[in-house]
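Residues per chain, in single letters:
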Amino acid sequence: MKRAPLHGIMAEFDNPTALVVAIHKARAAGYRVMDAYSPFPIEEVSEALHIHDRLLPILVFFGGLAGCVGGMALATWTSVIDYPINVGGRPLFSWPSFLPITFECTVLLAALTTVLGLLALNGLPMPYHPVFNVPQFALATREKFFLCIEATDPQFDLVETRRFLENIEALSVAEVAD
Amino acid sequence: MSAPFIEPGHTFESVTDKIGAIVLEKKTPRSWLVGFTISFAMLMLLFVALGNLLARGIGIWGINVPVAWGFDIINFVWWIGIGHAGTLISAILLLLRQQWRTSINRFAEAMTLFAVACAGLYPIAHLGRPWLAYWLFPYPNTMAMWPNFRSPLVWDVFAVSTYATVSFLFWFVGLIPDLATLRDRSESRVGRAVYGMLAMGWRGSALHWHRYETAYLLLAGLSTPLVVSVHTIVSFDFAVSLVPGWHATIFPPYFVAGAIYAGFAMVLTLAIPLRWYYDLEDFITMRHLDNMARVMLATGLVVAYGYMMETFIAWYSASSVEQFMITNRFFGPYNKLYWALIFCNVVAPQLLWFRRLRLNLAWLFAISIVVSIGMWLERYIIIVVSLHRDFLPSSWGMYHGTIWDWATFIGTMGLFMSLLFLFIRFLPMISIFEMRTMVPDAKVDEEAPGAPKAFI
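## What to know about the overall build of chain A
Helix and strand counts for chain A stand at five helices and four strands. Relative to its length of 178 residues, chain A is extended, with a C-alpha radius of gyration of 25 Å against a globular reference of 16 Å. Across its three principal axes, chain A shows a C-alpha extent of roughly 85 × 35 × 30 Å. For chain A, the proportion of its 178 residues judged to be buried stands at 43%.

Next up, the structure:
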């Protein structure tokens, strides 16, 4: 019988400290392709996994810049070029009165970029993901912490990796069907 | 000092289950039904009032020359001000690393959203032909016209719609991990399907959390100047005009402080019954209420300073119309409302200097209601009393809200409360994942055997 393809092997932990310790041990053992799952953000976990993702703030900067330039351009083009109104000879390019619009457009586009960028980078919405095949994983949004060493890791070996995870005091170890 | 922000003995499970149970329990509490029925009846009144408005026009309201802005703008400013505390709690207190915000930010943000929804109705209803509200936005049209970008009223359209959008985004992003929790905890098929779709496949991956935290901080950083700008622009609606009583440079800071003042009063008005009814004293502790009372006192003093400066500047300006405006406030036909305002917003909150009263739920609740009334009176004084007697005595007049003004006002309260009741029943009113971080176990023990330190 052909075995179902595997996403990886997942270990379950009781508290954040155990998870961080496990990540350090796994990296020391040479594993690199892994992901941790927790019910709340833990700074030490990102550090242990060497996550350096700086793309989102850069996207947001350009989103804000587009809003800023766009807002000012909209107000200027409509009030100076397309529909100029002469009010007692006052200057048409009255830029200080365009600042509130510019500011609001900056914030609006920056905020939209933040949220859409967050979802896009994280690949959400995602209707299916293999980790949900593990029954205990439902507790990842409540009280339990998980470490999954993925099958694409060069050092991944069904027997060896499983044994490794069992030896680092995990509550349970499960194979994650793809 | 230092009462805790979460009572001892809580674990990740207990926090999750206690907050989740309010949403997930099958039986709807009877008192929820009673409360929702009353709110929904008030919401129906709003529909009647707006239906009548559409059929007969804004002549059914009390507004006319010289007072063309009445209840509609009073209530617009009142509601939007209430919303500001939600953003303050969720964004500014996050940036200032005030951990106590954690158990109140979710429902304060929901309050913001619903208050902005109520506020947004008024200027649209006031348009006269509300079905043409889209004319306010710049879009290429057959009339070949554009909105006047030099007008504070157009700034207001941009500010309020941006504020509504960003508040919704902030609130929804905060909800995603909790929606995932509800998806995994719900026992009903419908619950799993609906919460599952809304959670969008959130799985708590470390990389996702990392970006999530960045996004949350970015949104907080964007909301902070936004919330200040919104009420500043609302105050420009008045300050940019020439009407005595409106044309004042103190307006922006004084409006922003007033908004936070009114908002914290509303958060207290909601938090005190909620924590009692849903048994959430462990999460919304006396220390939270005490802190909110202090913020209310501080912003109340700024507002009092605003009243003082208005009076001082009127005298100092040596402008007879400005001076008349203040005399008219003190001794004119609406003077009872003015002195009621001074009592509600300046005198009553001084009781909050006393720690005993800040820790007394009945007093705190009563003071927060008094402040809400006071802030409504403030807008009444600013709008009606300034307009009814301006430069030309020949065009003076009196203003009184009609039954339809009151019906609309009570109706928006119904809208606000109905949305709030639905929110409490279907979404977690306290951020579950942020409460988990408050549990002592959430800290990674650097000294544990085989601990991270050995590897770094």
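## Focus: the overall build of chain B
A tally of helices and strands in chain B yields 16 helices and zero strands. Counting across all 456 residues of chain B, residues that qualify as buried make up 47%. Considering only intrachain contacts with a sequence separation of at least 6, the fraction spanning at least 24 residues in chain B is 81%.

## Some points on the interface of chain B and chain A
Each partner contributes to the interface: chain B provides 54 residues, whereas chain A provides 59 residues. Secondary structure elements with two or more residues in the side of chain B that touches chain A: α1 (12-24), α5 (152-185), α7 (206-239), α15 (432-436) and α16 (452-455) of chain B. It is α7(B) that provides the largest number of residues to the side of chain B that touches chain A, a total of 16 residues. Of the residues belonging to the side of chain B that touches chain A, the class tally is 31 nonpolar, 13 polar and ten charged.

## A short note on the pairing of strand β2 (residues 34-37) of chain A
For a regular strand, side-chain orientation follows a simple rule: the groups alternate between the two sheet faces. Residue and element names in this part refer to chain A. Here β2 shows a buried face lined by M34 and A36 and a second buried face lined by D35 and Y37. Taken together, the four bridges between β2 and strand β3 (residues 145-150) define a ladder with antiparallel strand orientation. Pairing of D35 across the sheet is with C148, part of β3.

## Observations concerning the domain arrangement of chain A
Each domain of chain A was delimited in the assignment, giving domain 1 (6-53 + 129-177) and domain 2 (57-121). Here the C-alpha centre of domain 2 of chain A lies 45 Å away from the C-alpha centre of domain 1 of chain A.

## Notes on unusual backbone geometry
Cis geometry is adopted by the peptide bond preceding P125(A), which originates at L124(A) and carries an omega value of -5°. Assignment of secondary structure puts P125(A) in the loop between α4 (99-121) and β3. The step from V65(B) to P66(B) runs through a cis peptide bond, and the omega angle for that step is 5°. Structurally, P66(B) is set in the loop between α2 (30-56) and α3 (71-95). The phi angle at R97(B) is positive, at roughly 55°, despite the residue not being glycine. Turning to its location among the elements, R97(B) is positioned in the loop between α3 and α4 (105-126). Phi at A144(B) takes a positive value of approximately 55°, unusual for a residue other than glycine.

## A word on the nonpolar core
Counting 183 residues, the largest nonpolar core has L147(A) and V267(B) as the members making the most contacts within it. Lining this core are residues from two domains, each supplying at least three of them: domain 1 (6-53 + 129-177) and domain 2 (57-121) of chain A. Non-local contacts of V267(B), meaning those with residues more than four positions away in its chain, are made with A85(B), I104(B), A108(B), M111(B) and M292(B).

## Quick word on the packing of α1(B) against α5(B)
Each pair of packed helices can be summarised by the angle the axes make with each other and by the distance between the axes. All names here are of chain B. Between α1 and α5, whose axes approach to 11 Å, the crossing angle comes to 75°. Considering the angle they form, α1 stands roughly perpendicular to α5. For the pair α1 and α5, the contacting residues are T16, G20, V23 and L24 in the first and T181, L182 and R185 in the second. Residue composition of the contact of α1 with α5, grouped by class: three nonpolar, three polar and one charged.

## Thoughts on the sheet that holds β3(A)
All names here are of chain A. Across the sheet, which stays open at both edges, the four strands sit in the order β2-β3-β1-β4 with antiparallel pairing between neighbours. Looking at strand neighbours, the two that pair on one side only are β2 and β4 (172-177), the edges of this open sheet. Each adjacent strand pair in this sheet contributes to an overall mean axis angle of 20°, direction not counted. Pairing geometry for strand β1 (residues 6-13) and β3, over six bridges, is antiparallel. Residue pairing in the sheet places M10 in a bridge with C148 of β3. Relative to the sheet, helix α5 (residues 158-167) contacts β1, β3 and β4, its axis offset from that of β1 by approximately 10°.

Rules and cut-offs
Counting of residues starts from 1 at the beginning of each chain's written sequence and follows it residue by residue. The lettering of chains begins at A and the numbering of ligands begins at 1, in the order of writing. In view of the model being predicted, local features appear only for residues whose pLDDT reaches at least 70, and side-chain atom pairs are presented and counted only at 80 or more, with totals across whole chains, interfaces and linings using the full set of residues. Only DSSP runs of H or I covering at least 4 residues are called helices, and only runs of E covering at least 2 are called strands; the numbering of each starts at the N terminus. Here the globule rule reads 2.2 Å times residues to the power 0.38, and the radius of gyration is calculated from C-alpha atoms. Counting other C-beta atoms within 10 Å of a residue's own tells you its class, since 20 or more makes it buried, 12 or fewer makes it exposed, and anything in between is partly exposed; those C-beta atoms are placed from the backbone. What counts as a contact here is a pair of residues whose C-beta atoms, placed from the backbone, lie within 7 Å. Residue type decides the class: Asp, Glu, Lys and Arg count as charged, Ala, Val, Leu, Ile, Met, Phe, Trp, Tyr, Cys and Pro as nonpolar, and the leftover types, Gly among them, as polar. Any two strands with at least two DSSP-identified bridges between them are counted as paired. An automatic or database domain assignment provides the domain bounds reported here. By convention in this section, buried Ala, Val, Leu, Ile, Met, Phe, Trp, Tyr and Cys residues joined through C-beta atoms within 7 Å make up a nonpolar core. Helix axes are fitted only over the stretch in contact, all axes being lines through C-alpha atoms; the angle between N-to-C directions runs from 0 to 180 degrees. Roughly parallel means an angle under 35 degrees; roughly antiparallel, over 145; roughly perpendicular, 65 to 115; everything else is oblique.

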